[in-house]
Each structure stands twice: as structure tokens, then as C-alpha cells.
Amino acid sequence: MRALARAITGLELPAVEKISEEQAEDPFQILIATILSARTQDATTHAASTRLFKAARTPQTLAKLPVTRIERLIYPVSFYRYKARYVKACCEMLVSRFGGKVPSTMEELLTLPGVGRKTANLVLILGFKSLRNICVDTHVHRISNRLGWVKTTLPDETEQALYRATDTRWWPYINLYLVTWGQNVCRPVYPRCGDCVIRDECPRIGVSRSNS
Ligand code: SF4
């Protein structure tokens, strides 16, 4: 993890981290950007979030936008029609049940439309500075299996396995480090093992062909 921390310095931040930095770690914008980010390229997520927050940047104002307007603002994120509905429903629930504020517990976050454990964990880590959560997306799932830290088939299993396999102090950083590494070096196909700073520690489990 220390080697990765050094290696990612200067690399482009993942979209939600970038929005978090730009928007003073506002839990609401982190929540909405994370919903938009599922199965979507970072540049597309960032551009769509920026357009959306220019039109409305609070749960109250966003809840009032028609779904069709949200669709137009977030297009071309993947599944933009579903996500527009989730975003509106999520904002409506934030207003009606949580006083217009993003709740700060996993249990409450999971009651929001469109919010699963990945989104909830990222909101807790970036928006509420939690040191007790690990956010697992496809990069974290893939790389922690390649490294042999876990042996799992589903991201939710990976999250629980990582709590057991890793030191607590690294939990809030695992997502940032592995997502950045996954986008730049440990890619899904043809990982760049020859350029990897942790290649000497990595058993490359499941990697059949690499760019080394
Ligand atoms: S050595 Fe290859 S498989 Fe292992 S972390 Fe680095 S890029 Fe990924």
C-alpha cells in the first residue's frame, strides 16, 4: 500500500474523488456522482455530474427537476434513464425522510433508492471521513484477488474478506489506491505487470496474459 501510495501520486484521480475534492467533500454531491458513476467512464461521470450540479446542487432543487430534464443533463452515462429516476427518487427521500441531509450511517444510506454498499461506503469514506469502511468496486475486487489478498467471486464478498485480510489503517485508502492502479496499470485485460511497482509481491492470480 505504501508503494501504491507513492506510485499514484500525480496520476488522474478517479471521478468521484475529483468531485469530492472540487466540492469540499459535500456528501450529497459525492452520493449523486457515485450513483452516476456505475459502469461509466470517469470522464463521462465527471462531465455529467458537473452539468447536473450546475442545474441543481441540493436535494431540494434536484428533487424538483423533471426526470426528463435529469436524463438530458446526465446523458450519456450508462443506464441514464434508470439513473435519472433513482437520482430524483433519492433526492425526494432525502427531503422527506432525512430533512434534506445525507444520512451518515450504512443502514440509513441503504434505504435510499439506487444506493448499494459500494455507494454507501464511498459516501461514508469521502463525505463523512469514516475510517471503518472499505469501498469495493470492480477494480478493487479484481486487483485484491490478483494479489491474493482475498479469494472471492463477488464484490460484496470481497468487501467482507478485505476487512479480515487488511490492516484497519488502510481501509479508507484501498478504493482510491486500487481504482487508480486499476485504471492505469492493473487493467482488466493485459495488465501492465512490467511497469507495476508491486510486481515482486504479486502472485498475479488469474492473470493469463499481461503486458510485461
Ligand atoms: S503485478 Fe500485474 S497483476 Fe499484479 S498488481 Fe501489478 S499489474 Fe496487477
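In this report, we go over the structure that sits alongside the text. Values in this document were obtained by computation on a predicted structure and should not be read as measured data.

## A short note on the overall build of the protein
Argument step 1. Helices and strands together make up the secondary structure of the protein, namely 12 helices and zero strands.
Argument step 2. When the helices and strands of the protein are read in sequence order from the N terminus, they spell out α-α-α-α-α-α-α-α-α-α-α-α.
Argument step 3. Whereas a compact globule of 212 residues would reach a radius of gyration of roughly 17 Å, the protein reaches 18 Å, a difference of no more than 12%.
Argument step 4. Across its three principal directions, the C-alpha atoms of the protein cover 55 × 30 × 30 Å.

## Examining the side chain of Thr 158
Argument step 1. Within the fold, Thr 158 resides in helix α11 (residues 155-165).
Argument step 2. For Thr 158, the contacting residues outside a window of four places in its chain are Val 136, His 141, Ser 144, Asn 145, Val 150 and Thr 152.

## Here's the deal with the packing of aromatic side chains
Argument step 1. Inspection of every chain in the model, using the stated rule, returns five aromatic pairs.
Argument step 2. Arranged with centres 4.9 Å apart and planes meeting at 85 degrees, the rings of Tyr 75 and Tyr 80 form a pair that is edge-to-face.
Argument step 3. Overall, the relative accessible area of 47% leaves Tyr 75 in the partly exposed class.
Argument step 4. A centroid spacing of 6.4 Å and a plane angle of 70 degrees characterise the contact between Trp 170 and Tyr 173, whose relative ring orientation is edge-to-face.
Argument step 5. Trp 170 gets classed as buried once you look at its relative accessible area, which sits at 16%.
Argument step 6. Taken together, the ring pairs connect Trp 170, Tyr 173 and Tyr 177 into an aromatic cluster.

## Digging into the site of the ligand
Argument step 1. As a structural note, the neighbourhood of the ligand is formed by Arg 146, Cys 186, Pro 191, Cys 193, Cys 196, Ile 198, Arg 199, Cys 202, Arg 204 and Val 207.
Argument step 2. Considering only residue class, the shell around the ligand consists of seven nonpolar, no polar and three charged.

## Some points on the environment of Glu 22
Argument step 1. Tracing the sequence through the fold places Glu 22 in helix α2 (residues 15-22).
Argument step 2. Residue class for Glu 22 comes out partly exposed when judged on its relative accessible area of 45%.

## With respect to the side chain of Lys 88
Argument step 1. Within the element layout of this structure, Lys 88 appears in helix α7 (residues 80-98).
Argument step 2. Leave out the neighbours within four places in its chain, and Lys 88 touches Ala 63, Lys 64, Leu 65, Val 67 and Ile 70.

## Thoughts on the nonpolar core
Argument step 1. Counting residues in hydrophobic clusters, the biggest one holds 39 residues, and the most contacted among them are Leu 31, Ile 32, Leu 52, Leu 62, Val 87 and Leu 112.
Argument step 2. Where this core is concerned, the elements lending two or more residues are α2, α3 (27-37), α4 (42-55), α5 (59-64), α6 (67-74), α7, α8 (106-109) and α9 (117-128).
Argument step 3. Among all residues touching Leu 62, those that are not within four sequence positions of it are Phe 28, Ile 32, Leu 52, Ala 56, Ile 70, Val 87 and Cys 91.
Argument step 4. One finds Leu 4, Tyr 163, Leu 176 and Ile 198 within the second-largest nonpolar core, a separate group that totals 25 residues.

## As for α2
Argument step 1. Along α2, the residues that are buried comprise Ala 15, Val 16, Glu 17, Ile 19 and Ser 20.
Argument step 2. Check the buried side of α2 and you find it contacts α3, α4, α9 and α12 (171-184).
Argument step 3. Ala 24 sits one or two positions beyond α2 and adopts a positive phi of about 50 degrees.

## Things to note about the pattern of salt bridges
Argument step 1. By the definition in use, this model includes eight salt bridges.
Argument step 2. The shortest N-O distance in the salt bridge between Arg 81 and Glu 71 comes to 3.4 Å. Of this pair, Arg 81 sits in helix α7 while Glu 71 sits in helix α6; the two residues are 10 residues apart in sequence, bridging distant segments of the chain.
Argument step 3. We classify Arg 81 as partly exposed; its relative accessible area is 47%.
Argument step 4. Residue Glu 71 is classed as buried on the basis of its relative accessible area of 9%.
Argument step 5. In this structure, Arg 192 engages Asp 195 in a salt bridge whose closest nitrogen and oxygen atoms are separated by 3.1 Å.
Argument step 6. What makes Arg 192 partly exposed here is its relative accessible area of 25%.

Conventions used here
- Residues numbered from 1 in each chain as written.
- Predicted model: local features only at pLDDT ≥ 70, side-chain atom pairs only at ≥ 80, totals over all residues.
- Heavy atoms only, no water.
- Helix = DSSP H or I, 4+ residues; strand = E, 2+ residues; numbered from the N terminus.
- Rg over C-alpha atoms; globule rule 2.2 N^0.38 Å.
- Contact = heavy atoms within 4.5 Å.
- Phe/Tyr/Trp six-rings, centres within 6.5 Å; stacked < 30°, edge-to-face > 60°.
- Buried < 20%, exposed > 50% of the residue type's maximum accessible area, 1.4 Å probe, protein only.
- Near = heavy atom within 4 Å.
- Nonpolar A, V, L, I, M, F, W, Y, C, P; charged D, E, K, R; others polar.
- Core = buried A, V, L, I, M, F, W, Y, C linked by side-chain atoms within 4.5 Å.
- Salt bridge = Lys/Arg side-chain N within 4 Å of Asp/Glu carboxyl O.

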